Amino acid sequence: MPDGAAFTLAPHPTAHRLKVAFLLPHFYAGGAEGVALKLLEGLDRGTFRPVLILQNRVGELVDKVPRDVEVYDLGGRRASASVRSLARLYDAENFDIVQTFTNAASVLCQAARALSRHRPKTILSEHTPLSLFMAGAKGRILRRLLMHATYPSADRIAAPIASICAEHETLLGARCPRTVVLPNPIVETGLAPTDIQVAPRARRIMTLSRLSPEKRPDLMVRAFAAAFGDTPDATLTIWGEGGMRAALEALAFELGVADRVHLPGYTTDVRGALANADLFLCTSEREGFGNAIVEAMAAGVPVLSLDCPVGPRVLLQGGLNGRLVEAEDAATLAAQMKDFADDPVARLDAAKRAAVAAKTYDIGAALRAHERVYSELANVVPGHQN
């Protein structure tokens, strides 16, 4: 057990189940963390025993972890200082499979595996295109060297879209592990709308997003003010938290829309938030995938997104499943927002197509896809105890 490790005890299993560990730096709300939480909640307990390993046991999602899931804390150390602790944990707990969700965790996972006597099967999950990640990453040359040194020893590299897998195949060449596309578990099974309706004019604009620079919520506020500044019944609601809250509040006041721009904070009731929306916005400078876009699609809420790399273009199928906008300025974005908001025929057509496409990310189907990969690696039949 690593020094300072903390965990929640689970009931002792009556028969061997595959012990699948998910390794992340923390458990703050985010796309990758949300995927991990859905897996922890939904994996078939007859075959799998999920556990969670955190470099630092912090984040609002920690309290959402199911009670039967053990949570290990590596003590808040940096990845480089956690390698030996994680290796000792591998030896002590005999995990069958370890799955990672970030680049740093993937390097840590493989480095610890090289030092451990017990070497679990490993799946390195990537949720951001490599080109985008490297463009904004610190120490890019070192990261590439570490990936070349550690990634080839993994058993699988997984991603929610094929282009992310392809980038890793290009980077690692013949040494790249087998890649697999695993859909994110997002859409609650059986809850997709059967009768989609849209408002004659979309006036309740909303998004689900961190209040951070890469999401460009300031651009969203400026575009909203330009499009609907003289429309008193129009509102913009940004669900999420982050360091830009004060700046956004000041900006909304400056633009004269402070009474109609709402920042209610982080929510766990995504469906409730979407039920009060006529139009979903994404203004990110990059989206490796876009879980929130899928949630809006599944709820029958029309989506307008900037054509940022790479998720929105894939999810909206080049503009068939929503409005895809090429814009870097508030005026262009505002014109597109107003046009789409005032066109119920276009919004209804896009929303219907989007709801069908969102079924790909049904939680049940995504869980089964993950379980098949785990079972393949461990050579067991899903749904049966060893």
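The paragraphs below set out a description of the structure included in this document. Just so it is clear, the structure is predicted and the values come from calculations on it, not from any experiment. (Residues numbered from 1 in each chain as written. Predicted model: local features only at pLDDT ≥ 70, side-chain atom pairs only at ≥ 80, totals over all residues. Heavy atoms only, no water.)

**Focus: the sheet that holds strand E7 (residues 178-181)**
What the seven strands build is an open sheet, ordered E3-E2-E1-E4-E5-E6-E7; its pairing is parallel. The two strands at the open ends of the sheet, each matched to only one other strand, are strand E3 (70-73) and E7. Between one strand axis and the next, the sheet turns through 25° on average, direction left out of account. In this structure, strand E6 (residues 156-159) lies alongside E7, joined through four bridges in parallel fashion. When the sheet's bridge partners are listed, Arg156 is paired in E7 with Arg178. Sheet strands touched by helix H1 (residues 31-42): strand E1 (18-24), strand E2 (48-54) and strand E4 (97-100). Its angle to E1, the strand with the most contacts, is close to 160°. (Pairing = 2+ DSSP bridges. Helix = DSSP H or I, 4+ residues; strand = E, 2+ residues; numbered from the N terminus. Axes fitted to C-alpha atoms, helices over the stretch in contact; angles between N-to-C directions. Contact = heavy atoms within 4.5 Å.)

**Thoughts on the packing of helix H10 (residues 291-298) against helix H13 (residues 344-358)**
As a packed pair, H10 and H13 sit with axes 7 Å apart at the nearest point and diverge in direction by 115°. The hand of the H10/H13 crossing is left-handed. For the pair H10 and H13, the contacting residues are Val294, Met297 and Ala298 in the first and Ala354, Ala355, Ala357 and Ala358 in the second. (Left-handed = near helix turned anticlockwise from the far one by under 90°.)

**A look at the pairing of E3**
The two faces of E3 match: Glu70 and Tyr72 on one face and Val71 and Asp73 on the other face are all buried. Inspection of the sheet shows E2 paired to E3 by four bridges, in the parallel sense. Pairing of Leu52 across the sheet is with Val71, part of E3. (Buried < 20%, exposed > 50% of the residue type's maximum accessible area, 1.4 Å probe, protein only.)

**Details of the sheet that holds strand E13 (residues 323-325)**
Strand order in this open sheet of six strands is E10-E9-E8-E11-E12-E13, and the pairing throughout is parallel. Two strands bound the open sheet, and with one partner strand each, they are strand E10 (261-265) and E13. Taken over all neighbouring pairs, the strand axes of this sheet differ in orientation by 20° on average, direction set aside. Two elements, strand E12 (residues 303-306) and E13, share three bridges in a ladder whose sense is parallel.

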